[in-house]
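Summary of structural features
Spelled out, the chains give:
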Amino acid sequence: MPTMNTKRFSLLLMCAATGLLAFLLLDMYSARKAPLYKRLERQWAADVQALEASGKLPASWAQVKDIVIIGGTAETKTWLQRIQIPLKENPKGVHRMEVLVVAWEENGKRGAMIQYNIEDGKTRNTLLELGRTLILSSPASDKPWAPLLEVFSP
């Protein structure tokens, strides 16, 4: 027969699992229903983190002293005022980075194109051009649970 401590531990474990599941579902729901600028902020931060973790970026990425963010559309300029930019300047760096962010829409999909350009600080020669596309929303589907299932698929 289980003791009182075993019952309490089981109850505590069940509550913790329920809380974690609720947090994950709320996080996924808010990611899908958040305003586009919040989705941009979240996806852009995750994309920069993935790029840096990949080990495929040149050394010049870490040597950027000045970052200039350019909003390509009026909507994008508004978004950029409301979000935290996930890029970090290096005070000891020698290069300059321009980042062009442009909102787009095609066939009901909404997204943002982010173009990185790193220039040598002295010569202004281009060291890196890198373009990334982030999908911020897709048209409504007849299967409302499909996006949630995509998160869990391998």
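Our subject is the structure that appears above.
The text that follows walks through the structure, step by step, so that each part is easy to find. (Residues numbered from 1 in each chain as written. Predicted model: local features only at pLDDT ≥ 70, side-chain atom pairs only at ≥ 80, totals over all residues. Heavy atoms only, no water.)

1. Describing the pattern of salt bridges
Just so we agree on the cut-off: The rule for a salt bridge is simple: a side-chain nitrogen of Lys or Arg has to be within 4 Å of a carboxyl oxygen of Asp or Glu. Working definition: helices are DSSP H or I runs of at least four residues, strands are E runs of at least two. Numbering for both runs from the N terminus. Type-normalised accessible area, obtained with a 1.4 Å probe on protein chains alone, sets the label of each residue: buried when under 20%, exposed when over 50%, and partly exposed for intermediate values.
For the structure shown, the criterion picks out seven salt bridges. Note that Arg96 and Glu119 form a salt bridge whose closest N and O atoms lie 3.6 Å from each other. Here the residue Arg96 occupies a position in strand E2 (residues 95-106), and Glu119 occupies one in strand E3 (residues 109-119), the gap between them amounting to 23 residues. Taking relative accessible area as the criterion, Glu119 reaches 17% and is therefore assigned buried. Between Arg110 and Glu105 there is a salt bridge, and its shortest N-O distance comes to 3.8 Å. Given the relative accessible area of 57%, Glu105 is considered exposed. What you see here is one network of salt bridges that share partners, running through Arg96, Glu98, Glu119 and Arg124.

2. Here we look at the nonpolar core
Going by this rule: Take the buried Ala, Val, Leu, Ile, Met, Phe, Trp, Tyr and Cys residues and link them wherever side-chain atoms come within 4.5 Å; each set so joined is a nonpolar core. Contacts between residues were defined by any pair of non-hydrogen atoms, one from each residue, lying within 4.5 Å.
In this structure, Leu40, Trp44, Trp61, Leu87, Met97, Val99 and Tyr116 are the most contacted members of the largest nonpolar core, which totals 26 residues. By residue number, the principal contributor to this core is helix H2 (residues 36-54), which donates six residues. Sequence-distant contacts of Leu87, defined by excluding residues within four places in its chain, comprise Trp44, Val48, Trp61, Ile67, Ile69, Met97, Val99 and Tyr116.

3. Some thoughts on the sheet that holds E2
Rules: A strand pair is defined by DSSP finding two or more bridges across the two strands. Axis definition: a line fit to C-alpha positions, over the contact stretch in the case of helices; interaxial angles, taken between N-to-C directions, run 0 to 180 degrees.
Read from one edge of the open sheet, four strands run E1-E2-E3-E4, paired in mixed fashion. In this open sheet, the two strands that pair with only one neighbour each are strand E1 (64-71) and strand E4 (126-137). Neighbour-to-neighbour, the strand axes of the sheet open up by a mean angle of 20 degrees, direction not taken into account. Sheet topology places E2 next to E3; 11 bridges connect them, and they run antiparallel. Within the sheet, the bridge partner assigned to Val99 lies in E3 and is Tyr116. Against the sheet, H2 makes contact with E1, E2, E3 and E4, and its axis sits at roughly 135 degrees relative to E4, the strand it touches most. Packed on one face of the sheet, helix H3 (residues 74-82) meets E1, E2, E3 and E4 and runs near 120 degrees to E2.

4. Here's the deal with a nonpolar patch on the surface
Note the threshold: Like charges are joined within 9 Å and nonpolar side chains (Val, Leu, Ile, Met, Phe, Trp, Tyr) within 5 Å, but only among residues with over 30% relative accessible area and no salt bridge; these make up the patches. Working definition of accessibility: Shrake-Rupley area with a 1.4 Å probe, residue cover restricted to the visible protein chains.
Taken together, the side chains of Phe9, Leu12 and Leu13 make up a nonpolar region of the molecular surface, amounting to roughly 350 Å² of accessible area. Within the secondary structure, Leu13 sits in helix H1 (residues 4-33). Since its relative accessible area comes to 51%, Leu13 is described here as exposed.

5. Remarks on H2
Cut-off, in case you're wondering: Helix span, expected: 1.5 Å multiplied by one less than the number of residues in the helix.
Taking 1.5 Å per residue as the helical rise, H2 with its 19 residues ought to reach 27 Å, and the 26 Å between its terminal C-alpha atoms agrees with that figure. By the burial criterion, the buried members of H2 are Leu36, Tyr37, Arg39, Leu40, Glu41, Trp44, Asp47, Val48 and Leu51. After H2 finishes, the residue Gly55 shows a positive phi value of roughly 75 degrees.

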